[in-house]
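Below, each chain spelled out in residue letters.
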Amino acid sequence: MKAKNSKKTITDSTVDQDVLTYTVGEDTILDKALIKWDCMGTAAHVTMLSEIKGLKRPIVTKKESALVRKELARVVSLAEKGAFTIREDDQDVHMAVERALTERLGDLGKKIHTGRSRNDQVAVDVRLHIKSEILSLEKELCALSAALCSFGAKAGAVPLVGRTHLQPAMPSTVEMWATGHAEMVLDQLENFEAAYRLADLNPLGSAAGYGVPLPLDRSRTTELLGFSRTIHNCFGASMARGECEASFLSALAQLMCVLSRLAEDMIIFSMPEFAYFRLPREYCTGSSIMPQKYNPDVLELVRGKTAQVVGWQTAALTLLHAMPGGYNRDLQDAKLLYMKGLETVRTTLRILAKLVAGMTVDADACRAAFSPGVFATDVALRKVAAGVPWRDAYHDVRDHLEMLESEDADAAVKAKSHEGTCLGIDLGIYLKRISDATASAEKRLDALEGCCRKLLR
Ligand code: ARG
């Protein structure tokens, strides 16, 4: 049978149906997340066009700009109700919005793309989306850190065997374990802030990467969209596409590695052989054959999904490493990669916060795990206190390990009180960092929403 050669006419060309499907990829679905940001970018562009002075004929008048912005607000509210469709023959959100505006405003809708390209648009959309998502993720990250802190605070000074090489090492506490992980999670904010600063730059007005013979006011759109500054060079602005997605993915991948290590500790410490912690039953799954099973599937999947996010980060960097300057269609995939990473990290942060909040401590099991060897360093340090040089004290204990005795784990823990050890943990430091970071994320989210509201009315 002869293959049917079906052709499809889209705004920019007439193409083979298979080419359309292949090039559009998942954009009709993924771009839904960008509708609001695309409308915001268009509103800023049209506002700026309407403010250009000294042209023989204005590109769009102030009145027309207001009409466009009102229509864009309508698109956003349709999208919020799930009633705005991006069709395959639109290709992407950018053409879908232009089609919708043209359907309602006629020739005025056809003017909005003056002096810009879709590359320009998608670069802006992705940056606004990433900014907003980083701030939301930062709040979720703080919530997980807070859950770890309150788990730790509840357990307080319950002794826990500290391990190195997974072998019993030194006296520690459940609180130290929990807040240690809480701090690791919290420190990831630094990576997200770096990604945020990179996303907070305005590429708009580069057109297809080389500018246009029109007096565009790029700093005006920077101001309207709430970016910290403009990417000065138009060619550079177009090349920066993909870079901010990759930087966001790096932060996502590194956070997943931190979460995966937390998950691994939780798996080990809730094993029946350890039983220090008990996972909430409703967060464990059973077996179809072994009736006794309560498996930590969620935690195993945190480990598994870490592999995926690291993979997407690698894919993003690989995508970029040999790309020539200027726009290339491969960049479309950077969007898919970061969106996948974002969704995975969001759901992982949420489920882990639930698991941590529901986890309980078996204090007796924690104490019972203290073997005499765990006190070996403390014994040597007592010899030092009696005047023996450290290395001699060390050898003395090492040569007579059989003489070590079981000690009071609670007393051993109480003897450790310098900054950051068992009794020296200042929970207040974490709580302040968590509330400051949450407030800062909320403030910036409000500012971004404020820009959006001003533009779309
Ligand atoms: N969906 C496209 C992307 O994400 C939009 C830009 C298309 N530009 C182009 N020159 N074909 O990259």
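Cut-off values and rules
Residues numbered from 1 in each chain as written. Predicted model: local features only at pLDDT ≥ 70, side-chain atom pairs only at ≥ 80, totals over all residues. Heavy atoms only, no water. Phe/Tyr/Trp six-rings, centres within 6.5 Å; stacked < 30°, edge-to-face > 60°. Helix = DSSP H or I, 4+ residues; strand = E, 2+ residues; numbered from the N terminus. Buried < 20%, exposed > 50% of the residue type's maximum accessible area, 1.4 Å probe, protein only. Near = heavy atom within 4 Å. Polar contact = N/O pair within 3.5 Å; in protein donor to acceptor, adjacent residues only side chain to side chain. Areas by Shrake-Rupley, 256 points an atom, 1.4 Å probe, with all protein chains shown as cover. Arc of directions from axis to C-beta. Contact = heavy atoms within 4.5 Å. Axes fitted to C-alpha atoms, helices over the stretch in contact; angles between N-to-C directions. Parallel < 35°, antiparallel > 145°, perpendicular 65-115°, else oblique. Left-handed = near helix turned anticlockwise from the far one by under 90°. Nonpolar A, V, L, I, M, F, W, Y, C, P; charged D, E, K, R; others polar. Patch = residues over 30% accessible without salt bridge, like charges linked within 9 Å, V, L, I, M, F, W, Y side chains within 5 Å. Salt bridge = Lys/Arg side-chain N within 4 Å of Asp/Glu carboxyl O. Expected span 1.5 Å × (residues − 1). Pairing = 2+ DSSP bridges.

1. Quick word on the packing of aromatic side chains
- With the rule as written, the count across this model stands at 13 aromatic pairs.
- Here Phe-151 and Phe-277 contribute two aromatic rings whose centre-to-centre distance is 5.4 Å and whose plane-to-plane angle is 90°, an arrangement assigned as edge-to-face. Here the residue Phe-151 occupies a position in helix H7 (residues 118–155), and Phe-277 occupies one in strand E7 (residues 277–278), the gap between them amounting to 126 residues. You'll find Phe-151 and Phe-277 in the same group, each marked buried.
- When the ring of Phe-269 is compared with that of Phe-274, the centres are 6.0 Å apart and the planes differ by 50°; the resulting orientation is tilted.
- By relative accessible area, which is 6% here, Phe-269 ends up buried.

2. Here's the deal with the site of the ligand
- Around the ligand, the neighbouring residues are Asp-27, Asp-92, Arg-118, Asn-119, Val-122, Arg-241, Tyr-327, Arg-329, Gln-332 and Lys-335.
- A distance of 2.8 Å is found between a nitrogen atom of the ligand and a side-chain nitrogen or oxygen belonging to Asp-27.
- Lys-335 is positioned such that a nitrogen or oxygen atom in its side chain is 3.3 Å from an oxygen atom of the ligand.
- Computed on the free molecule, the ligand has an accessible area of 350 Å², of which 86% lies beneath the protein chains in the complex.

3. What to know about helix H10 (residues 218–225)
- All of the buried residues along H10 are Arg-218, Thr-221, Thr-222, Leu-224 and Leu-225. One face of H10 carries all of its buried residues, which in axial projection span an arc of 170°.
- Looking at the buried side of H10, the elements it contacts are helix H3 (35–51), H7, strand E5 (201–202), strand E6 (229–230), helix H11 (234–239) and helix H19 (427–455).
- Gly-226 sits one or two residues past H10 and shows a positive phi near 75°.

4. Examining the packing of helix H12 (residues 243–269) against helix H14 (residues 332–358)
- The N-to-C vectors of H12 and H14 enclose an angle of 30°; their axes lie 10 Å apart at closest approach. The angle between H12 and H14 places the two elements in the roughly parallel class. When the axes of H12 and H14 are compared, the crossing they make is left-handed. Along its contact with H12, which presents Glu-245, Phe-248, Leu-249, Leu-252, Leu-255, Met-256, Leu-259, Leu-262 and Met-266, the element H14 presents Ala-334, Leu-337, Tyr-338, Gly-341, Leu-342, Thr-344, Val-345, Thr-348, Leu-349, Leu-352, Leu-355 and Val-356.
- Looking at side-chain class alone, the contact of H12 with H14 contains 17 nonpolar, 3 polar and 1 charged residues.

5. Some remarks on a nonpolar patch on the surface
- Together, Leu-381, Val-384, Trp-390 and Tyr-394 make up a nonpolar patch on the protein surface, roughly 330 Å² of accessible area in all.
- At the level of elements, helix H16 (376–385) and helix H17 (390–399) are the ones that each hand at least two residues to the nonpolar patch.
- Assignment of secondary structure puts Tyr-394 in helix H17.

6. What to know about the side chain of Thr-230
- Note on placement: Thr-230 falls in strand E6.
- Side-chain polar atoms of Thr-230 contact the side chain of Thr-222, separated by 2.6 Å.
- The contacts of Thr-230, once residues within four sequence positions are left out, are Asn-202, Arg-218, Ser-219 and Thr-222.

7. Looking at the pattern of salt bridges
- What the rule picks out here adds up to 27 salt bridges.
- Residue Glu-140 pairs with Arg-350 through a salt bridge whose shortest N-O separation is 2.7 Å. Taken together, the residues span a long stretch of sequence, with Glu-140 in helix H7 and Arg-350 in helix H14 at a distance of 210 residues.
- Here the salt bridges do not stand alone but share partners, grouping Asp-27, Asp-31 and Lys-335 into one network.

8. Overview of H19
- The first and last C-alpha atoms of H19 sit 43 Å apart over 29 residues, in line with the 42 Å expected at 1.5 Å per residue.
- The set of residues buried in H19 consists of Leu-427, Tyr-430, Ile-434, Ala-437, Ala-441, Leu-445, Leu-448, Gly-450, Cys-451, Cys-452 and Leu-455.
- Summarising the contacts, the buried residues of H19 are in contact with H3, helix H4 (62–80), H7, helix H8 (174–187), helix H9 (189–199) and H10.
- Capping the start of H19, Asp-426 holds a side-chain oxygen 2.9 Å from the backbone nitrogen of Gly-428, two or three residues further along.

9. Here's the deal with the pairing of strand E2 (residues 13–16)
- Pairing analysis gives 4 bridges linking strand E1 (residues 7–10) to E2, with the strands arranged antiparallel. Within the sheet, the bridge partner assigned to Ile-10 lies in E2 and is Ser-13.
- With antiparallel pairing between neighbouring strands as the criterion, E1 and E2 make up a hairpin whose turn holds 2 residues.

10. Details of the packing of H7 against H12
- One way to put it is that H7 packs onto H12 with a least axis distance of 11 Å and a crossing angle of 15°. Between H7 and H12, the interaxial angle falls into the category roughly parallel. Viewed along their axes, H7 and H12 form a crossing whose handedness is left-handed. For the pair H7 and H12, the contacting residues are Val-126, Arg-127, Ile-130, Ile-134, Leu-137, Leu-141, Leu-144 and Leu-148 in the first and Cys-244, Glu-245, Phe-248, Leu-252, Leu-255, Leu-259 and Leu-262 in the second.
- Taken together, the residues of the contact of H7 with H12 break down into 13 nonpolar, no polar and 2 charged.

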